[in-house]
Amino acid sequence: MILAYQVLTALSAIVFLYYGISCLCANGMADDFERFGMADLRILVGTLEVLGAVGLVVGQWIPVLLIVSAGGLALLMLLGLLTRVRQRDSLREILPAGVLMVVNAIIAWNASGLTTHLA
């Protein structure tokens, strides 16, 4: 199970690095934030995603950083999920935020030491 946990953490870091950079640079993401009425938050969200991805990696050596990064990314995805539900987006558009929220909640929970089932 340790390998599965490490793979989840690495995949989450890769996905958030990709989405964070896309959020900062890609026109499609800018259009989404405009549609949500949150264009002024795009740079903040992209920066938080990139920092969270870096925190997941560095957190392998600094456990408290892993907890904070994964917990913060889970919270960010909860807010993203709620935003997409409010916009009445399709399940296909909502699902990635939900999956990433659950994955990062599991990472944060496991990193906190409150469970030994995944490690």
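Above this text you will find the structure in question.
What you see is a predicted model, and the numbers here were worked out from it, not measured in a lab.

K.L.:
Can you help me understand the pattern of salt bridges in this one?
P.N.:
Pairing is possible between side chains of opposite charge, provided their charged atoms come close. In total, this model carries four salt bridges according to the counting rule given. As a salt-bridge pair, Asp89 and Arg35 come within 2.8 Å of each other at their nearest N and O atoms. Residue Asp89 is found in the loop between helix H4 (63-86) and helix H5 (91-111), and its partner Arg35 is found in helix H2 (residues 27-36); the two are separated by 54 residues along the sequence. Judged by its relative accessible area of 10%, Asp89 falls in the buried class. The network of salt bridges with shared partners includes Asp32, Arg35, Arg84 and Asp89.

K.L.:
Please explain the side chain of Ser12 as it appears in this structure.
P.N.:
Assignment of secondary structure puts Ser12 in helix H1 (residues 2-25). Polar contacts involving the side chain of Ser12 include one to the side chain of Asn104, which spans 3.0 Å. Beyond its immediate chain neighbours, meaning those up to four positions away, Ser12 contacts Leu56, Val103, Asn104 and Ile107.

Rules of the game
Residue positions are given per chain, counting from 1 as you read along its sequence in written order. Per-residue local features are limited, in this predicted model, to residues with pLDDT of at least 70; the limit for side-chain atom pairs, both in listing and counting, is 80 or more; totals at the level of whole chains, interfaces and linings are taken over all residues. To obtain the side-chain values, all non-hydrogen atoms of the structure were used and water was disregarded. Salt bridges are defined by distance alone: a side-chain nitrogen of Lys or Arg within 4 Å of a carboxyl oxygen of Asp or Glu. Put simply, DSSP marks the helices as runs of H or I at least four residues long and the strands as runs of E at least two long, and each gets a number from the N terminus on. We call a residue buried when its accessible area falls under 20% of the maximum for its residue type, exposed when it is over 50%, and partly exposed in between, using a 1.4 Å probe and counting protein chains only. Residues adjacent in sequence count toward polar contacts only when both atoms are side-chain atoms; beyond that, a polar contact is any pair of N or O atoms within 3.5 Å, and within protein one must be able to donate a hydrogen and the other to accept it. Any two residues having at least one pair of non-hydrogen atoms within 4.5 Å are treated as being in contact.

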